[in-house]
Amino acid sequence: MHIVAIGGSDAGISAALRAREVDPGAEFTVVAADAYPNFSICGIPYYVSGEVTHWRNLAHRSYADLEAAGMRLRLDTTARRIDVAARKLLVTGPGEAEDVISYDQLIIGTGAIPARPPILGLDGLGPAEGVHLLHSMDDTFAIMRTLEEAAPTSAIIVGAGYIGLEMAEALTARGLAVTQVEQLPEVLPTVDPDLGALVRAELEGHGVTVRPATTVREIARAGTGAPGPLRVTAGTAAGDPVTLHAGLVLVVTGVRPETALAVSAGATLGARGAIAVDKAMRTGLPGVYAAGDCVITHHRLLGETYLPLGTTAHKQGRVAGENAVGRGQREFAGSLGTQVVKIFDHAAARTGLKDNEARAAGYDPVTITAEADDHKAYYPGSHRIHMRLTGDRVTGRLLGVQLFGHKHAEVAKRIDIAATAIYHGMTVDEVSDLDLSYTPPLGSPWDAIQMGAQAWTRIARAGS
């Protein structure tokens, strides 16, 4: 059995590891378009900031580790065409040398590529001018060259999602004056605006200039004598013009699935143009599976959607690898979109659905705001956790939780409690029955998430 994975990131490597666990005799080849298999793209901001001291430390496993796990690595090799009927893959390796790889089962893990918003000048400017996208190790090295060689003193970040916020912190840590521009009314739009406002306050408290409800129209070289070599022209939602200058511009406005190879082979597309797969990660093409940021996401509350996350890619890859060797009938259990991000001294997290998402999905949501201490207030160092809880009015089922709190307030732990409860279909009231740990320096007899659940129950009952 020879399995080939296209893509050396989370999905492809997870597939290979699981396939070898299930069938140690299986041969597994990983075709990667760059020289950096199994690198943590999520860790890039912390390398840029200097907290991760060397780029090689971003590797989950070294080249030797991967080979020792039984993988044959074809690096700097681009997959060009899949011959589904013949079960062959045409690739171009270093020096543009063509080769054909035969396979028994194929796993497509081509991932996603940065979305390019309709900004004038973006296609004509690049790293040489200090204009960057960020999604790969090569993108990272380009940013580092700008920082080290051009030594900019200011940066404009277009986009205030997870990567945008992490890079705002990273560039601030390097001493740059950072301006963050977001088209939507508030930063971090994956949480409700009242929590997004807390995130914005944290950014501003650390010197970041935040411009929400502002759309970038053009990036251009600035004239002689300008405050920076790059000029960004934008406009506010009210129609007011905005002109900004900086030495570096970073555009991080999301990603889109990379599907060209799969489409040319006859694969069907689903939500947001991602590759359609069933829960076993089968594409419908004979012997072809797909996983990771290039495929649709089966969401436990929404059904089919597209939600590219590293955690999801790892799980999907593991399912694809096990099924590809023919030793299992594993299915991807589904995502809840559980996420957490650190913003300077605080963290924001979410899982499940926000109120508007729940309503659009056919639920009758009740969403409440609550606060609680992360541990007993009489023990020094306690912090307030801000919460948004969403439950169904009719069934009482917990549908979603959003949290914002200090980075030492165990925000990630508490969003994981909520994710576990939603995964198992618990009601909001049942969250109070969970047997959670307690000691005054670390918690309370009723955990913060349970206090939020009790607040939801009081308000929901009062309104029924």
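Residues numbered from 1 in each chain as written. Predicted model: local features only at pLDDT ≥ 70, side-chain atom pairs only at ≥ 80, totals over all residues. Heavy atoms only, no water.

Enquirer: Help me get a handle on a nonpolar patch on the surface, residues and values and all.
Expert: A cluster of nonpolar residues, Tyr 378, Tyr 379 and Tyr 438, forms a patch on the protein surface that exposes about 360 Å² of accessible area. As for its position among the elements, Tyr 438 is in the loop between helix 11 (428–431) and helix 12 (448–463). On the basis of relative accessibility, which here comes to 38%, the residue Tyr 438 falls in the partly exposed class. (Patch = residues over 30% accessible without salt bridge, like charges linked within 9 Å, V, L, I, M, F, W, Y side chains within 5 Å. Areas by Shrake-Rupley, 256 points an atom, 1.4 Å probe, with all protein chains shown as cover. Salt bridge = Lys/Arg side-chain N within 4 Å of Asp/Glu carboxyl O. Helix = DSSP H or I, 4+ residues; strand = E, 2+ residues; numbered from the N terminus. Buried < 20%, exposed > 50% of the residue type's maximum accessible area, 1.4 Å probe, protein only.)

Enquirer: Let's hear about the pairing of strand 24 (residues 384–392): which residues, and what values?
Expert: It is a general feature of regular strands that their side chains alternate between the two faces of the sheet. In terms of burial, strand 24 is a largely internal element, seven of the nine residues being buried. In this structure, strand 23 (residues 365–373) lies alongside strand 24, joined through nine bridges in antiparallel fashion. Within strand 24, the position partnered with Glu 371 by the bridge is His 386. Hairpin geometry of strand 24 and strand 25 (residues 398–406) is characterised by an intervening segment of five residues between the two adjacent antiparallel strands and by a positive phi of about 80° at Gly 396. (Pairing = 2+ DSSP bridges.)

Enquirer: Residue-level account of the environment of Thr 420, with values.
Expert: Along the chain, Thr 420 turns up in helix 10 (residues 411–423). Between the C-alpha atom of Thr 420 and that of Thr 312, which follows or precedes it by 108 residues, the distance is 15 Å. Engagement of the side chain of Thr 420 in a polar contact is seen with the backbone oxygen of Asp 416, the distance being 2.8 Å. (Polar contact = N/O pair within 3.5 Å; in protein donor to acceptor, adjacent residues only side chain to side chain.)

Enquirer: Would you mind going over the nonpolar core in detail, with residue names and values included?
Expert: Within the largest apolar cluster, 53 residues are counted, with the highest numbers of intra-cluster contacts made by Phe 28, Ile 82, Ile 107, Ile 108, Ile 275 and Met 281. Residue contributions to this core peak at five residues, all from helix 1 (residues 10–22). Ignoring anything within four residues of it in the chain, the contact list for Ile 108 reads Ile 6, Ile 82, Ala 262, Ile 275, Val 288, Tyr 289, Ala 290, Ala 291 and Cys 294. Residues Tyr 47, Leu 165, Leu 188 and Val 341 belong to the second largest nonpolar core, which totals 40 residues. (Core = buried A, V, L, I, M, F, W, Y, C linked by side-chain atoms within 4.5 Å. Contact = heavy atoms within 4.5 Å.)

Enquirer: So what about unusual backbone geometry? Which residues, and what values?
Expert: Of note in this structure, Ala 151 is not a glycine but carries a positive phi near 50°. Positionally, Ala 151 belongs in the loop between helix 4 (137–150) and strand 10 (154–158). In this structure, Leu 188 takes a positive phi of about 45° despite not being glycine. Mapped onto the elements, Leu 188 comes out in the loop between strand 11 (177–181) and helix 6 (193–205).

Remember that the coordinates give geometry; whether it matters functionally is a separate question.
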